[in-house]
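# Examination of the molecular architecture
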Amino acid sequence: MRKLTYYIACTIDGFIGDPEGDATSMFKYTEGSYAATMAAEYPETFPTHAREILGIDGENRHFDTVVQGVASYRLALDIGITSPYNHLREFVATRSLAESPHPNVELIADDLVGRIRELKAEDSPLGVWLCGGSTIAGELIEEIDELIIKTYPQVYGSGMPMFGAGFEPRDFELGEVRTFDNGVLVRTYTRKR
Ligand SMILES: NC(=O)c1ccc[n+]([C@@H]2O[C@H](COP(=O)([O-])OP(=O)(O)OC[C@H]3O[C@@H](n4cnc5c(N)ncnc54)[C@H](OP(=O)(O)O)[C@@H]3O)[C@@H](O)[C@H]2O)c1
């Protein structure tokens, strides 16, 4: 089985965005050696249009598939981008969007967990990236094998949690911890099963 990895940006207090999910206050930290390292190691996590602007043309290194909830996907759709991660296979969970806006984007309306299990069972050296947001991460919490948490040096006080899920302790084993000179911390955790 390949891994489902929730690769996500959050604040020190664990929020992935403001109460509506807006994470733009964190964007200023995507600079310097941190941005260069992530662009080199995770080039596929940058949107296709941003890669063109930033000159990122590396091959997919960790993921060949991305899964998003439709609220996250809409951030691109609302500015006319129908395939924000065109260099990956794109899946969008939605019960309200009737038709996919782009041939590269497959909609998942039914049995989200079952479809994710099918994707995980595929034979590929690269994994599946769970992009977010909170709602879909909460629904897929039991399927997540790995967390890569990019923590930015900000505190929100309140906001959108990393998981829209009920209370239940789940154990993860800490792997790599990386710190950057602009205060960003990137931690990798593996789910203990
Ligand atoms: N900090 C970060 O790195 C990061 C990364 C990604 C996103 N975000 C933020 O997260 C915010 C969005 O998060 P969110 O929690 O509001 O929404 P979301 O998880 O992106 O999308 C939720 C939507 O997904 C669909 N969905 C959820 N479960 C489903 C299921 N089992 N089957 C089919 N469809 C399902 C539903 O769409 P329908 O209503 O169509 O049924 C639901 O309304 C954005 O504002 C974005 O900025 C932050």
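Below: a short report on this structure. Quantities reported herein were computed from a predicted structural model and do not represent experimental measurements. (Residues numbered from 1 in each chain as written. Predicted model: local features only at pLDDT ≥ 70, side-chain atom pairs only at ≥ 80, totals over all residues.)

### Focus on the overall build of the protein
Note the cut-off: To qualify as a helix, a DSSP run of H or I must reach at least 4 residues; to qualify as a strand, a run of E must reach at least 2; elements of each kind are numbered from the N terminus. As a rule, residues whose C-beta atom has 12 or fewer other C-beta atoms within 10 Å are exposed, those with 20 or more are buried, and those in between are partly exposed; C-beta atoms are placed from the backbone. Whether two residues are in contact is decided by their C-beta atoms, placed from the backbone, lying within 7 Å.
Helices and strands together make up the secondary structure of the protein, namely five helices and ten strands. A principal-axis box enclosing the C-alpha atoms of the protein has dimensions of 45 × 40 × 35 Å. Residues counted as buried form 34% of the 193 residues belonging to the protein. Contacts in the protein between residues far apart in sequence, at least 24 positions, make up 69% of those at least 6 positions apart.

### What to know about unusual backbone geometry
Gly133 follows Gly132 through a cis peptide bond whose omega is 0 degrees. Along the chain, Gly133 turns up in the loop between strand S6 (127-132) and helix H5 (134-139). Although it is not a glycine, Asp111 sits at a positive phi angle of roughly 50 degrees. Of note, Asp111 is situated in the loop between strand S5 (105-108) and helix H4 (112-121). Here Asp111 falls in the exposed class, since 10 other C-beta atoms lie within 10 Å of it.

### Looking at the site of the ligand
Stated precisely, the cut-off is as follows: To decide nearness, the C-beta atom of each residue is placed from the backbone, and the residue is near a molecule or strand if that atom lies within 6 Å of it. Any residue that is not Ala, Val, Leu, Ile, Met, Phe, Trp, Tyr, Cys, Pro, Asp, Glu, Lys or Arg is counted as polar, Gly included; the first ten are nonpolar and the last four charged.
Taken together, 31 residues sit near the ligand, with Gly21, Gly69, Ala71, Gly132 and Gly133 positioned nearest. Contributions of two or more residues to the shell around the ligand are made by strand S1 (4-11), strand S2 (15-17), strand S3 (63-69), helix H3 (70-77), S6 and H5. A class-by-class count of the residues in the shell around the ligand yields 16 nonpolar, twelve polar and three charged.

### Regarding the pairing of S6
Quick reminder of the rule: Here the rule is simple: two strands pair whenever DSSP picks up at least two bridges between them.
Across the six residues that make up S6, a large majority, six, are buried. Here three bridges tie S1 to S6, and the two strands are oriented parallel to one another. Among the inter-strand pairings, Tyr6 is bridged to a residue of S6, identified as Leu130. Pairing of S3 with S6 involves five bridges; the strand directions are parallel. Looking at the pairing, Val67 lines up with Leu130 of S6.

### Concerning the environment of Val155
Inspection of the secondary structure puts Val155 in the loop between strand S7 (146-152) and strand S8 (160-161). Once residues within four sequence positions are removed from consideration, Val155 is found in contact with Thr11, Ile12 and Asp13.

### Quick word on the nonpolar core
Rules: A set of buried Ala, Val, Leu, Ile, Met, Phe, Trp, Tyr and Cys residues, joined through C-beta atoms within 7 Å, is what we mean by a nonpolar core.
Membership of the largest hydrophobic core comes to 42 residues, with the highest contact counts inside it found for Ile16 and Leu130. For this core, the leading source of residues is S1, giving six residues. If we ignore the near neighbours within four places in the chain, the residues touching Ile16 are Ile8, Ala9, Cys10, Ala23, Gly132, Gly133, Ser134, Met160 and Met162.

### Details of the sheet that holds S1
Our working rule: Structural elements are reduced to axes, namely lines fitted to C-alpha atoms, with helices fitted over the stretch in contact, and the angle between N-to-C directions of any two is expressed from 0 to 180 degrees.
Taken together, eight strands build an open sheet; the order of strands is S5-S4-S3-S6-S1-S7-S10-S9 and the sheet is mixed. Taken across any chain shown, the strands that pair with only one partner, and hence form the sheet edges, are S5 and strand S9 (172-179). Strand-to-strand twist of the sheet, defined as the mean angle between neighbouring strand axes without regard to direction, takes the value 25 degrees. Here S1 pairs with S7 via seven bridges, running parallel. Note that in S7 the partner of Thr11 across the bridge is Tyr152. The strands touched by H3 are S3, strand S4 (89-93) and S6; relative to S3, the strand with the most contacts, the crossing angle is about 100 degrees.

### Describing the pairing of S1
With eight of eight residues buried, S1 lies mostly within the body of the structure. In S1, alternate side chains face the same way, and those of Leu4, Tyr6, Ile8 and Cys10 on one face and Thr5, Tyr7, Ala9 and Thr11 on the other are all buried.

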